[in-house]
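What the coordinates show
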Amino acid sequence: RHTRSQTVPPAPQALPQRVVYGQVFKYVVLLDVQAGLGDQRGQNGNQLRNYFQTKATLTDAETALLKSTAHSTVSALQDVDQQIHAAVIAYRGQLQNIKSSTTLPPLPSELHTLQTQKDNLILSGLAAVQTGLGAGRFQNLDAFVQREIAPHITLNRANASAPHPKNSSLPPMQPVPWQ
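Attention now moves to the overall build of the protein. Of the regular secondary structure elements, the protein holds six helices and zero strands. For the protein, the N- to C-terminal ordering of α and β elements is α-α-α-α-α-α. For the protein, long-range pairs separated by at least 24 residues make up 75% of all intrachain contacts whose partners lie at least 6 apart in sequence. Taken as a whole, the protein presents about 12,400 Å² of accessible surface, with 53% of it coming from carbon and sulfur.

Our next topic: the packing of helix α1 (residues 17-40) against helix α5 (residues 109-133). Relative orientation of the contacting elements α1 and α5 amounts to 75°, with a least axis distance of 9 Å. On the basis of the axis angle, α1 is roughly perpendicular to α5. Residues Gln17, Arg18, Tyr21, Gly22 and Phe25 of α1 form the contact with α5, whose own contacting residues are Asp119, Ile122, Leu123, Gly125, Leu126, Val129 and Gln130. By residue class, the composition of the contact of α1 with α5 is six nonpolar, four polar and two charged.

Here the focus is unusual backbone geometry. The phi torsion at Thr57 lies on the positive side, around 50°, for a residue other than glycine. Under the relative-accessibility criterion, Thr57 is labelled partly exposed at 47%.

With that settled, consider the confidence of the model for the protein. Confidence in the prediction for the protein averages 85 pLDDT; 80% of positions are at 70 or higher. Within the protein, the element-level pLDDT minimum falls on helix α2 (residues 46-49), averaging 94, and the maximum on α5, averaging 97. Overall, residues 162-170 carries pLDDT values under 50, and its contacts beyond four positions in sequence, including any with other chains, amount to nine contacts.

We now examine the packing of aromatic side chains. Applying the stated criterion across every chain, the model contains seven aromatic pairs. Plain terms: the ring middles of Tyr21 and Phe138 are 5.9 Å apart, the flat faces sit at 35° to each other, and that makes the pair tilted. You can see Tyr21 sitting in helix α1 and its partner Phe138 sitting in helix α6 (residues 135-149), a full 117 residues away along the chain. You can call Tyr21 buried: its relative accessible area is 1%. Taking the relative accessible area as the measure of exposure, Phe138 reaches 8% and is therefore buried. Three or more aromatic residues joined by ring pairs form one cluster here, namely Tyr27, Tyr51, Phe52 and Phe144.

The next thing to look at is the side chain of Thr63. Within the secondary structure layout, Thr63 lies in helix α4 (residues 60-95). The contact partners of Thr63, leaving out residues within four places of it in the chain, are Gln53 and Leu58.

Bringing the pattern of salt bridges into the picture now. Taken as a whole, this structure holds six salt bridges when the rule is applied. Across the pair Asp39 and Arg49 runs a salt bridge whose closest N-O atoms are separated by 2.2 Å. Of this pair, Asp39 sits in helix α1 while Arg49 sits in helix α2, and the two are 10 residues apart along the sequence. With a closest N to O distance of 2.7 Å, Arg137 and Glu62 form a salt bridge. Remark: Glu62 occurs in helix α4 and Arg137 occurs in helix α6; sequence separation between them is 75 residues. For Arg137, a relative accessible area of 29% corresponds to the partly exposed category. When its relative accessible area of 11% is taken as the criterion, Glu62 is described as buried.

Conventions and cut-offs
Residues numbered from 1 in each chain as written. Predicted model: local features only at pLDDT ≥ 70, side-chain atom pairs only at ≥ 80, totals over all residues. Heavy atoms only, no water. Helix = DSSP H or I, 4+ residues; strand = E, 2+ residues; numbered from the N terminus. Contact = heavy atoms within 4.5 Å. Areas by Shrake-Rupley, 256 points an atom, 1.4 Å probe, with all protein chains shown as cover. Axes fitted to C-alpha atoms, helices over the stretch in contact; angles between N-to-C directions. Parallel < 35°, antiparallel > 145°, perpendicular 65-115°, else oblique. Nonpolar A, V, L, I, M, F, W, Y, C, P; charged D, E, K, R; others polar. Buried < 20%, exposed > 50% of the residue type's maximum accessible area, 1.4 Å probe, protein only. pLDDT = per-residue confidence, 0-100. Phe/Tyr/Trp six-rings, centres within 6.5 Å; stacked < 30°, edge-to-face > 60°. Salt bridge = Lys/Arg side-chain N within 4 Å of Asp/Glu carboxyl O.

Here's what the structure looks like:
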């Protein structure tokens, strides 16, 4: 009797909560914005507006807590993103006169500090939702998020230690649109 050797792919590594809930908060805001745009066009935006309430079986009060936390967190994240954008533009300004064979200067430490601020904003928003919902109800929301949202989130890390290719030019120095 023949048996086939099968290799099982490694289980995907769980994403950090700050990554998952950062995306959840952005998604909540996006659905509200899209619902409002639908309303303006004469369409009923309630399906988008009530997505989390319906799918995660949240009460009106729980949905209001999630939405208000998401909106305030995303607004604060946008403020930090503007600071990051300014720091990146300043860093790129330092690169204008660097030849392609030159080692790039290190990233400003300010970027690490700002990323930590973003992480803490998300974790604070998450803590507010956990506290407001209570353990059991948060577990219900989190089960929905882990089942329906998290599988669609990927985390790509930049390789800061990658060697600089010879005879190449730096990427164009144009502002990146931030949203």
